[in-house]
Structure formats: structure tokens, C-alpha cells
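Each chain, letter by letter, is given below.
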Amino acid sequence: MSSKDNFYKVKHLYNRAGFGISYTDLHKLSRKNLSKVIDGLFKQPKEADDITLIDTVASKQQLLMQAGLYAKKDLTDEEKKQRQDIIKMQNEKSRDLNIAWVEKMINTPNPLREKMTLFWHGHFACRSNNPMFAQQLNNIQRTNCLGSFKTLLVEVSKSPAMLQYLNNQQNRKGKPNENFARELMELFTLGRGNYSEQDIKESARSFTGWMYDKDGSFIFRPNLHDTGTKTFFGKIGDFDGENIIDIILDKPETAEFISRKVYKFFVNDTPNEAHVKELALAFFNSKYDISELMKKMFTADWFYAPENVGTKIKSPAEFLVGLSREFYVTYNKPQVLIQLQSSLGQYLFNPPNVAGWPGGQSWIDSSSLMLRMRIPSLVLNDGEIDFSGKADPEDEAVIAQSKTATANANIKTKPKSFVDAKADWQKFLDTLPKGITPVELAEFLLQPKLTDKITKMISNNAGLRNTSVELASMPEYQLC
Amino acid sequence: MDRRSFLRNTGFVAAGSLFVPAFMKPLEAMALDELNLYKNLVVVQLSGGNDGLNTVIPYGNDIYYQKRKGIAIKPEEVIKLTDMQGLNPNMAALQEIHDQGWMTIINDVGYPNPDRSHFRSMDIWQTGSESNQFLSTGWIGRYLDSNCQTCKFPYTAIEVDDSLSLAMKGQTKKGIALKDPAALFRNTNDPFFKAMLQNDKEHLDEDNLGYLYKTMIETSSSASYIQNTSKVYQSKATYPQSGFANQLKTVSKFISSGLKTRVYYVSLSGFDTHVNQVQQQGNLLKQYSEGMAAFLKDLKTNNKLEDTLVVTFSEFGRRVEQNASNGTDHGTANNMFIFGGRLKKQGIFNEAPNLSDLDTGDLKYQLDFRQVYGTILDKWLDVNNADILNKKFNTLDFI
């Protein structure tokens, strides 16, 4: 294999398994055997890599206080203010958590880990207005992202964020709530058409009593658990939640469903069913070892086939993180990252619903594409922001209160707002080989094959910096 | 002109020469009388869950006053429409609209197994899904997908905002979001952007790159079409000073200049009134009503009211009983406002909500919101609602 050939393969691998690669690393890794490069992606430090922004002890105290306030009938003005302050603080912390994760993705030395976390974040889509719950679920997804799918699934199912979001907190003996049981099978494991309504009912009964307590820890409440006999996929017994998960994992349809979703995220929007079957078989036979599944995919010849290279539309997170990594961007006002996410249609921790973001071409419409093409110059040249994202529906209460008494309250007289970010151009330019031509730079920065038009557009040789901004502003840069 | 001004981006360059791809020309040359027959739909979204019971007040029902001691609107303040219901006093601007027969209120609209999360319920209203179903396309987006005669271009559905709502996204076709047609026109006429579109034939495949180029071309041609069609029109009407009224003013400009757009989408935010509701909601209802009244009168002056239907919704109503903070919490069914010059039933369409027969403190819905959508799709947009809503919904007689 020629080293040029390997150059493109490694670049493709790092675009899909991570968020791109620097020229220096690419050059170094291209000289290695591809299978060694793949192994290297999985050799990551074992120690915990949690986000610890939200202080758990303080949050639990706050939660107890909040529960106390909600239980009271008549609140004093001071107590009302306390309650509002807690909500306000939670909203602020939720935004901080979002930024902390985006910055972690930008700076991580373990890109595969964060990419997998992003995948599971969309798969086990969840919203929580409690930042401690959200952080905990994110850490569960990160810790188990390349481990056992069963452990991941059980941990997610026990997380207060999910218990709350899918109403298992209200799922009690004699009064089942089927929300979690339904999504567990429809969206998390088997997929539509592979279970009956009766299976959902029986599964819901089995998950009764899975709850979290006042301070936000998982608790199994035996007195709320339905201990009766259940019939689930033809099996009969006094099942609990873990039994249900085991039975679901015994079905090869689960391996296939997860493999198809992985394929669509990492390989191609349109699944090749033969390739999906290949992955599903390996995944099932490995007893749901996620690393095995991923290695199988990254080592497959078809992963590097032309139809799978430079053909996927980057998600907004991939686009923003990739751009920031590529040019070593620091954000002096990181709140802008939230504005960009919401304008582009992927505000992390806030998926549209439990099905996650639909992805693919649905990321792109006239306005989001225009914005994507302008963002590189906004971020890299510190441009002025003249657009605003939609208010998140969960922020409506804040909006309601911030609108003042005047009839003109709805007119936004916002001061000019700038991205206030800094790209480290020197660092970026230092990674490039001496004498690199504009065309070589384009071959590095863009994933799709160069066309004559692009070659011509950059042939004026405006300098590496200007050419880089131009390239990052092209529609081709939206693909990976 | 500097080729890289797009990349410096902030100082917009002056509009360049007109750029219209060849395939757009036949449309622009269409006969004017054909354009005049256009029926428009304007969708107004009130975000946050507007409290319908303090919007259209059931002043004839004692239960309302019992459950809302701190926030009820006194009978003498209500703008009375019937013996039972009337408008919030902040909506005085709509009195005239009502008296002209340009308004109808549909009471108690909702859906089975209602969701009280803003996000999820808005998702349900925008996609037209069941409450346990997740759709990735919006109801207007699917209307665009349905290959209606005029749905070929993104400007068939325009949202007056910086970003596009899910409601406007179909599988293969999407509407276009713009706050200011001139700004979008300048951006798409930027030399860098135009250079990207030159000799683009090699990209017009069905793959993702082809899709990106197709979107760019459509954006560019739509921006030119919208700007060039609407810039000739100058509204003489006076609108109140509010962001919401400005959105409607933009829509009026588009409609009155004869733009071949069928659906417009605007929104007003801030209705999540958990605390001290009366004044907050009052301000918003005032903006809504004054903006709407100015808009409808403007359309009337331009002979466009007959061709326009306005529908207003919010993701849910609020609980019947107020909370301890003189606000209201998330509820279920809600009223919808319909405006237009050709309403079949004017005033109040159906019975007021029954306040004595509640579902754990919440209103039970009388009409499914998809019956309202279905009516609009069948009778106003001339498509079969089953093709858009995935099953057939019975239509209503308001148009």
C-alpha cells in the first residue's frame, strides 16, 4: 500500500472515529500499518474521564431543599424566591455543562471516546433540567461508551435523568406507566415491529419500583414493584428490569438495530444491509462488546470504499468541534457555542425528543447551510453575529419573566455581539509541511475529492491562512 | 469587488448584479393574474403554552372565578363576545376584527394522552404526530413534499426568523427562514458564494454533496425572487412597535407584493407564565392583538384578506386552577384563533370548555388539532389531509 493511500485512509478514520486530525499526526500515522493505527485509537487511558463540573454534594442538598419547597402548600415570599433562585441556578449550570462538554470534545486527547459519547448521547436521547442528572448520564455514556452494551443499558435505565424523562418515577405496581418500557424497545434496543403491545405492558410491570430518591440516587422500592408473574416474549416469570434487559439482549434483532444505528452514524446515512448484518453478527457473538463492534467496522474494507468517504454531512457538533480542533480555537466567551449549536439545530443535552436528532440531510436547510458557510469566517476572523437561534421552549418561563412591563418589550435592542474567539494560526501553520501548495492544503482540509472548480478558486494563492478560511467556508467542508 | 468579503463577512458588500439561474426564469415570467389567485396561510405560534382561559375568558362560569381567585379577569373588564365567553381586555384591538367577521375562536383543541413538556408538546403540534410517535418532518414540510403544483421552491413556505422550525421541514423539501430579504439577498450575491455556484453541474447528483449544492442554488434563486418581487412594494399601513408586529409587516409585504408563497410562519414567545401571570400575559396578548389587527387591516386595504387565512396555536393550555404564585402551570387543551376574510363560521366556533368535567384538573379536548390542520389542508391548501397527516381527519366547518 502506498503511503499516500494510507494518508487518505487514516484521515478518513480520524474524521469518522474522531473529529479530524492534525497534519503532523496524520503524517506520522500514515507511515504506520493501518491496523496499528486502529488499535491505537482504542488504547486509551483507563482512568475515569468524567465531567465533574457540577458539584454532586451541593446539588443533592439543593435537591432536598427543592423537594421541601415543593411539598409546602403556602410559600413565604422568601421561599418563593429561593425556589426561583434554584431554577435560575440550574439553568445556568445546565449551560455551563453544555460548554464543558463541547470544550472537552475540542481538547480531548481521546477523540474516539468523545465521539462514542456523542453517539450514545443521541441514541439514549434525554433532557433533564437538573444539571447533576444530565452530567451523570453523560458520564455513564462516556464511561461505558466502548465497554459492554448491557452495562451501559442498565446504567442508563437506572439513571435519574432517564427515570424522570421517561416517567419511570411514576411507574408503580397497579398503576403502570409504559413510557420507559415502550422507548426501551422501540428506540434503545429492538426497533419498531419487533415486539407487541403486550410485551410493553409486561415490561412496564417489571420495571415498577425502579426510581430515584429525594437526593437523586437510584433506589429500588420493593413495595412499589409488581411481583406478579409476567409473560415477556414467551418467557414466564416474576421478572424485574434486569431480567427484561437480558431477554431483550438475547434477541439478535437488538444487535442488528444497534449495528444499523452505528453504521448510519459512522459510515453512511443509507445502510448497506449486508454490512450491517456483518457487524450485527460480530456484536452479538461478542456478547455486546462495543469495542469489538467498532473494531470490526473500522477494519472492514468497505469502511474505506469511495462511497463512504467524504459523503456524510457533519452534525453541527462535529462541524463546530472539528473546526475548533482544526484551527486551535479558544472561545473567550464560550456562551457563543450554545448560540451556534442552537442556530444550527443541535443544542446538546436538548434533543428534539427521545428519538434523538434525525441527522443526515435534515441538518441542512437554506438558513442552516448559509450559516454553516459563514461560521468559519465568523469564528476564525472574529466576526459579528447578526443572527439569533430560537429560544428553547424550556426557557420560556425565563423569557416570560424577563419581558418587562412596557409594550415594546418584544423588540430586541441587542448590542452588537461578536464571536470573540481566537484561532491559533501560528500553531496551525506550524503543523503544515514547508512549501505545502494550496491544492495540497485543500486535499488535507476537505474530505471529498477536489474538483477543478475548487482548484481554480484557490489557485490565486491568497496565502495559507486565507485559503484555509476559504476552504472551510465551502460546502465540501460540511462533509466528512 | 473583493472576492473574500463573504469571508470577512461582517461588512456586507453592496448587492451585486442580479443572479438568477436559468431554470428559475420561466417562473418569474409567469402571468401576473395567475399570481393573484394565491391563497395564503399564516401560522402564528405562541411559544411557552398560552393560558387560553385568560385569553378567551369564560366569564359566565363561576368555576372560573372559584379556581382563579388571584388572576381571574373581572366580568366588567371582559370584552364580551357571547354570554359565556369574552376576550382579555388587552385584546381590545381584536374587537373590531371580531365585529367585521374576520375572526373565529375554536375552543378546546388538543390531542389524546397530552404531554405537558413544552418541548415534546411543541414537537407534537409541529409534526402533527400522535403523542407516542416521533416524526422527523413537520406538517407543513410534508405538505411541501406532497408535490403540490406550487411546492417546488423553498419560498413556498417562509418563516420570518433566522432559523427554520421543524414544522417547515419535509423529507425532500424544506421551507426557507429569513428575517430580512435584503440581507439574505446580499449574502447569496456575495462574490465568494456566487463563485461556488459557478459550473456546478458536476455536483447536481442525488448524493449529499449534490444536496448541498441544490440547497445553495435554491437559496440563491429564492432570495433573488423574494427580494426582487417584494422590494417594489411599500406598505402605507402603520404597525405597532413590536418584534411580532414587524414579523407580520414583513409577511404583509410579501403577500401584498404577490409573492408565490403559500405558507408563512411567525412566532411570539414568553407565554410560560408560572409566576405573576396577569401583567406578563397581558403585555403579550396586547402585542399579539394589536399586531394582528394592523396586519388584517393592511391586508384588507390591499384586497388580500380574502386570500389569507391566519391560524394561531400554542403547544398547550394551562391548568384550570391557578398556582400559589399567581400564575398557572402546564395544562392540556387550548383555544385556537382563526382569522381571514372568508370564514364560514364567525365569532365562536364551538362550545366553551367544560370546567366541571376535568381530567385531573385539566380540560378535556373536544377537537383534535389535526382536525384543524386537516380542514386547512383539505379546504385551503387543496391537498388530501390523509396524505400529510398519515390518516384521514374529519374536517370542520370554519372555512
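Here is what the cut-offs are and how they apply
- Residues numbered from 1 in each chain as written.
- Chains lettered and ligands numbered in written order.
- Predicted model: local features only at pLDDT ≥ 70, side-chain atom pairs only at ≥ 80, totals over all residues.
- Helix = DSSP H or I, 4+ residues; strand = E, 2+ residues; numbered from the N terminus.
- Rg over C-alpha atoms; globule rule 2.2 N^0.38 Å.
- Buried ≥ 20, exposed ≤ 12 C-beta atoms within 10 Å, placed from the backbone.
- Contact = placed C-beta atoms within 7 Å.
- Nonpolar A, V, L, I, M, F, W, Y, C, P; charged D, E, K, R; others polar.
- Domains from an automatic or database assignment.
- Pairing = 2+ DSSP bridges.
- Axes fitted to C-alpha atoms, helices over the stretch in contact; angles between N-to-C directions.
- Parallel < 35°, antiparallel > 145°, perpendicular 65-115°, else oblique.
- Left-handed = near helix turned anticlockwise from the far one by under 90°.
- Arc of directions from axis to C-beta.
- pLDDT = per-residue confidence, 0-100.
- Core = buried A, V, L, I, M, F, W, Y, C linked by C-beta atoms within 7 Å.

The name recorded for chain B in an unreviewed UniProt entry is DUF1501 domain-containing protein, from Pedobacter rhodius.

As annotated in an unreviewed UniProt entry, chain A is DUF1800 domain-containing protein from Pedobacter rhodius.

Student: Would you explain the overall build of chain A in this entry?
Tutor: When helices and strands are counted, chain A shows 23 helices and eight strands. Radius of gyration (C-alpha) of chain A: 24 Å, near the 23 Å computed for a compact globule of 480 residues. Taken over the C-alpha atoms alone, chain A extends approximately 75 × 65 × 40 Å along its principal axes. In chain A, which comprises 480 residues, the share counted as buried stands at 47%.

Student: How do you make sense of the interface of chain B and chain A when you look at a structure like this?
Tutor: How big an interface is tends to be stated in terms of the accessible area lost upon association of its parts. Each partner contributes to the interface: chain B provides 60 residues, whereas chain A provides 61 residues. Mapped onto the side of chain B that touches chain A, the elements with two or more residues apiece are helix 1 (5–8), helix 6 (118–127), strand 7 (176–177), helix 9 (191–197), helix 10 (208–230), helix 11 (243–256) and helix 12 (277–301) of chain B. The element that contributes the greatest number of residues to the side of chain B that touches chain A is helix 10 of chain B, accounting for nine residues. Across the side of chain B that touches chain A, the residue classes tally to 21 nonpolar, 26 polar and 13 charged.

Student: What's the story with the domain arrangement of chain A in this structure? I'm lost.
Tutor: Taken domain by domain, chain A holds domain 1 (1–43) and domain 2 (316–478). On the domain 2 of chain A side, the residues contacting the six residues of domain 1 of chain A number nine residues.

Student: Looking at this structure, I do not really get the environment of T117 of chain A. What am I missing?
Tutor: Residue and element names in this part refer to chain A. By the element assignment, T117 lies in helix 6 (residues 111–123). Linking T117 and N144, residues 27 residues apart in sequence, is a C-alpha distance of 8.6 Å. Leaving out residues up to four positions away in the same chain, T117 has contacts with N138, Q141, R142 and C145.

Student: Please explain the sheet that holds strand 2 (residues 56–57) of chain B as it appears in this structure.
Tutor: Strand pairs in the sheet, formed through backbone hydrogen bonds, run parallel or antiparallel to each other. Residue and element names in this part refer to chain B. Sheet architecture is open: three strands sit in the order 2-4-3, paired in antiparallel fashion. With one partner strand each, in any of the chains shown, strand 2 and strand 3 (79–80) form the two edges of the open sheet. Direction of pairing for strand 2 relative to strand 4 (residues 86–87): antiparallel, over a ladder of two bridges. From the neighbouring strand, V56 faces strand 4, where its bridge partner is L87.

Student: Honestly, the packing of helix 6 of chain A against helix 7 (residues 131–143) of chain A in this entry has me stumped. Any pointers?
Tutor: A pair of packed helices can be characterised by two numbers: the angle between their axes and the separation between those axes. All names here are of chain A. As a packed pair, helix 6 and helix 7 sit with axes 8 Å apart at the nearest point and diverge in direction by 125°. With respect to helix 7, the element helix 6 is oriented oblique. For helix 6 against helix 7, the interelement crossing comes out right-handed. Side by side, helix 6 and helix 7 meet where R113, T117, W120 and H121 of the first sit next to N138, Q141 and R142 of the second. Residues belonging to the contact of helix 6 with helix 7 are distributed by class as follows: one nonpolar, four polar and two charged.

Student: Which parts of the structure should I look at to understand helix 21 (residues 438–445) of chain A?
Tutor: Each full turn of the α-helix corresponds to 3.6 residues, which orients residues three or four apart in the same direction. Residue and element names in this part refer to chain A. Listed as buried for helix 21 are P438, A442 and F444. In a view along the axis of helix 21, the buried residues occupy a sector of 160°, so they form one face of it. Looking at the packing, one finds that the buried side of helix 21 touches helix 2 (23–30), helix 22 (452–457) and helix 23 (464–472).

Student: How do you make sense of the domain arrangement of chain B when you look at a structure like this?
Tutor: Residue and element names in this part refer to chain B. Assigned domains of chain B: these are domain 1 (39–179 + 234–389) and domain 2 (181–230). Each partner contributes residues to the interface: domain 1 has ten residues there, and domain 2 has nine residues. Class assignment for the residues of the side of domain 1 that touches domain 2 results in seven nonpolar, two polar and one charged.

Student: Whenever I open this one, the pairing of strand 8 (residues 263–269) of chain B confuses me. Can you help?
Tutor: When a strand is regular, its side chains alternate between the sheet's two faces. Residue and element names in this part refer to chain B. For strand 8, the buried fraction is high: six of the seven residues fall into the buried class. Sheet topology places strand 1 (residues 40–47) next to strand 8; seven bridges connect them, and they run parallel. Bridge pairing in strand 8 places L41 opposite V263. Sheet topology places strand 6 (residues 157–159) next to strand 8; three bridges connect them, and they run parallel. Considered in strand 8, the bridge of E159 is made with Y265.

Student: How do you make sense of the confidence of the model for chain B when you look at a structure like this?
Tutor: Low pLDDT marks stretches whose predicted atomic positions should not be read closely. All names here are of chain B. In this model, chain B carries an average pLDDT of 88, and 88% of its residues clear a pLDDT of 70 or more. Scored below 50 in pLDDT, residues 1–6 makes 15 contacts in the model with residues more than four places away or belonging to other chains. The low-confidence segment residues 8–36, where pLDDT is below 50, has 37 contacts with residues more than four positions distant or belonging to other chains. ipTM for the predicted complex: 0.92, alongside a pTM of 0.88.

Student: Before we go on, may I ask you to explain the nonpolar core in this structure?
Tutor: Generally speaking, a soluble globular protein has its nonpolar side chains buried in company with each other. If you look at the biggest cluster of nonpolar residues, it comprises 124 residues, and the most contacted ones within it are L137, M162, L279, F283 and M297 of chain A. Top contributing element to this core by residue count: helix 18 (residues 366–380) of chain A, with eight residues. Sequence-distant contacts of M162 of chain A, defined by excluding residues within four places in its chain, comprise F124, C126, L137, V156 and S157 of chain A. Formed by 99 residues, the second largest nonpolar core is a distinct cluster that contains V43, V44, M91 and F313 of chain B.

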